[in-house]
Amino acid sequence: MTQNAVHSAAPHFSDFNLDARILRAIEESGYTTPTPIQSQAIPVVLSGQDVMGSAQTGTGKTASFVLPILQNILPLASTSTSPARHPVRALVLCPTRELAVQVADNAQKYAKHTPIRSAVVFGGMDIKSQTPALRAGVELLIATPGRLLDHLESGNVSLGQVNYLVLDEADRMLDMGFLPDLQRILNVLPKQRQTLLFSATFSPEIRKLAESYQKNPITIETAQRNATSQNITQTVYSVSDKMQKRSALVQLIREQHVEQAMIFVNTKIEARELTRFLQRAKINAQSIHGDQSQTERLATLEGFKKNEVLILVATDVAARGLDISLMPCVINFDLPYNAEDYVHRIGRTGRAGSQGRALSIATPHDDRLLAAICKLTKQAFTAIPLEPTPSREERPRSAERTARPPRAEGEAPRVRNNERSAPHRRSAVEEQELSHLRRKVNLSSDPFFTQPYQPSPSTMSDAEKSKHSTWARPNKQGQNAPVAALFKLGKPSKR
DNA sequence: AAAAAAC
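Conventions we followed
Note on numbering: residues in each chain are counted from 1, in written sequence order. Labels are handed out in written order, letters beginning with A for the chains and numbers beginning with 1 for the ligands. This being a predicted model, a pLDDT of at least 70 is required before a residue's local features are given, and a value of 80 or more before pairs of side-chain atoms are given or counted; all residues contribute to the totals for chains, interfaces and linings. The basis for every side-chain value is the complete set of non-hydrogen atoms in the structure, without hydrogens or water. UniProt positions are given in the numbering used here, feature names are shortened, and annotations may be inferred rather than shown by experiment. Should a side-chain nitrogen of Lys or Arg be within 4 Å of a carboxyl oxygen of Asp or Glu, the pair is scored as a salt bridge. Think of it this way: any DSSP run of H or I at least four residues long counts as a helix, any run of E at least two long counts as a strand, and we number them from the N terminus. Note on classification: 1.4 Å probe, protein chains only; a residue is buried when its accessible area is under 20% of the maximum for its type, exposed when over 50%, partly exposed between these limits. Nearness of a residue to a molecule or strand requires only that one of the residue's heavy atoms be within 4 Å of it. Here a polar contact is taken to be a pair of N or O atoms separated by no more than 3.5 Å, where protein atoms must pair a possible hydrogen donor with a possible acceptor and residues adjacent in sequence count only if both atoms sit in side chains. Following DSSP output, two strands are said to pair if at least two bridges run between them. When checking whether two residues touch, look at their non-hydrogen atoms; a contact exists if any pair is within 4.5 Å. To define axes, lines are fitted to C-alpha atoms, for helices over the stretch in contact only, and angles between the resulting N-to-C directions are given on a 0 to 180 degree scale. The source of the domain bounds is an automatic or database domain assignment. Buried area: the accessible area, evaluated with a 1.4 Å probe, that two parts lose upon being put together, summed over both parts. Amino acids outside the nonpolar list (Ala, Val, Leu, Ile, Met, Phe, Trp, Tyr, Cys, Pro) and the charged list (Asp, Glu, Lys, Arg) are all regarded as polar, and Gly is one of them.

- Under the annotation held in an unreviewed UniProt entry, chain A carries the name DEAD-box ATP-dependent RNA helicase RhpA and is attributed to Ephemeroptericola cinctiostellae.
- Its UniProt record gives chain A the following Sequence similarities (unreviewed entry) comment, quoted word for word: "Belongs to the DEAD box helicase family."
- Quoted verbatim from the Catalytic activity (unreviewed entry) field of the UniProt record, the comment on chain A reads "ATP + H2O = ADP + phosphate + H(+)".

Given below as structure tokens:
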């Protein structure tokens, strides 16, 4: 192994003291140059120290703990068939089931030429199918907390020899909802262990809390704290009230040429209803949220990865960690309640050096949420208004209106009603009106749509601005011009 | 104020 003595060329994975079998798997995955978080974290994890690692979304945090952990446990991996010779040495905890699956897939990929055994356990699936692997023994276990506790209580697994603990999306794992389960797991782990925390975001409170779970942690930050990826062009659009959001969304999808996107909403009900709405507008949409069966969630995510589904309407179950290759666009239909979630949501795009777009829809009601996002990510947004045309006659008919009357505030969500009013029951008039919305609008020559970023009258210094390259883009049209352009072109023609 | 995570 090269020890990186005098090194002028670009860094390479072979610079680390990794076993040839691990290096081979890295090579087969097509990676040559480690990312900054990998360059910095891997040696520290190999050295045995605790790490609190934060790096922007899509910069390879998973490999930065998986690779050195594999290296560290490799000498202990037995080829014996005795379960007793295969205790769990390393445990990775994840906040969602899909993320656990993804991390496990990665671990499997990097471990494939080694005798290290790994398994993943998570809820919502038959527990019996997970038991044999645990009973046979695995060195590396990836899990969601609840199901892991279930297996612990059933005596399917023992964690008494876990020397490496990773909290992936650590700030989430340490929040109130997870803390009790996490504490119960920590209670059965050896005190003598390495604890690694990784996330793109750490609030000051969580950062402080995290310290109590680690021993002299080395903090590794490869970017400004809580920063969004530079690869993502972020735009915020405003509408005057909540009822405008659906038609604004359809406009954005059509006029911004959104071909594949994740659309985030704040509730499971909204995920279901918005998906239904988009499907009626003949948009290829599916949803993913916690009220679905796990089988359905996994199938939908697979379909989205394979481009069989173009629009994935998601709750924050899909906000963190998920790596969907070259996914080009994230839309916040609702702004998230936590500013950190904004960073994670938009981080589903612009990964591994690719370019991405993030569009958000805000109402005046969302001012405080937007302000919190600006503050956290150290950016200023000027929302671009998307106002409906003034006269009732000229106003574009929203697909929502066409499909069914809008739901009044406070009225119970009409979930069952929705199920019955399937697209084939639409009247001819409704069909005709919907066809307006489906009309393909070619706006590629309009400067607004080839120049999506709206710079803000900034209060930032030039030095600060230079850290946010997307800021510097001038808007020759002036702030209101794009709005007018959008509305003129967005109007359905009366024919 | 909501989502997620065990049965």
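Alright, that's what it looks like, and here's the rest.
## Let's talk about the pattern of salt bridges
So, step 1. One pass over the structure, following the stated rule, counts 19 salt bridges.
So, step 2. One salt bridge connects E28 with K112, and the closest N-O pair in it is separated by 3.2 Å. Taken together, the residues E28 in helix α1 (residues 20–28) and K112 in the loop between α4 (97–111) and β3 (118–121) connect sequence positions 84 residues apart.
So, step 3. For E28, a relative accessible area of 44% translates into the label partly exposed.
So, step 4. For K112, a relative accessible area of 48% gives the class partly exposed.
So, step 5. A salt bridge links D323 to R351; the nearest nitrogen and oxygen atoms lie 2.5 Å apart. Residue D323 is found in the loop between β11 (311–314) and β12 (329–332), and its partner R351 is found in the loop between α13 (339–346) and β13 (356–362); the two are separated by 28 residues along the sequence.
So, step 6. The structure contains a network of salt bridges with shared partners spanning R24, E28 and K112.

## Brief notes about the protein's contact with DNA strand B
So, step 1. Near DNA strand B there are 22 residues, and of these R97, R147, G290, R297 and Y337 occur at the shortest range.
So, step 2. The contact atoms of DNA strand B, taken as those within 4 Å of the protein, divide so that sugar and phosphate hold 74%.
So, step 3. The contact in question runs from a phosphate oxygen of DNA strand B to an N or O atom on the backbone of G123, over 2.9 Å.
So, step 4. A distance of 3.4 Å separates a base nitrogen of DNA strand B from a polar atom in the side chain of N338.

## As for the sheet that holds β11
So, step 1. One open sheet accounts for 7 strands, arranged β10-β11-β9-β12-β13-β8-β14; its pairing is parallel. Of all the strands in the sheet, the pair left with one neighbour each is β10 (285–288) and β14 (384–385).
So, step 2. Contacting β8 (232–238), β9 (261–264), β12 and β13, α13 runs over the sheet at an angle of about 150° to β12.

## Some details on the domain arrangement of chain A
So, step 1. Assigned domains of chain A: these are domain 1 (13–221) and domain 2 (232–408 + 415–490).
So, step 2. Each side of the interface is counted separately: domain 1 has 19 residues, and domain 2 has 19 residues.
So, step 3. Note on domain 1 versus domain 2: buried area summed over both sides is about 1,600 Å², and carbon and sulfur give 53% of it.
So, step 4. Of all residues in domain 1, the largest losses of buried area upon contact with domain 2 belong to T57, E98 and Q102, amounting jointly to 35% of the total for that side.
So, step 5. At the junction of domain 1 with domain 2, the criterion picks out 4 salt bridges.
So, step 6. For D171, the salt bridge is made with R320, and the minimal N-O distance between the two is 2.9 Å.
So, step 7. Counting the contacts that link domain 1 with domain 2 gives 12 residue pairs in polar contact (both at pLDDT 80 or more).
So, step 8. Mapped by element, the contributors of at least two residues to the side of domain 1 that touches domain 2 are α4 and α7 (170–173).
So, step 9. For the side of domain 1 that touches domain 2, the leading source of residues is α4, giving 5 residues.
So, step 10. Classifying every residue of the side of domain 1 that touches domain 2 gives 5 nonpolar, 9 polar and 5 charged.

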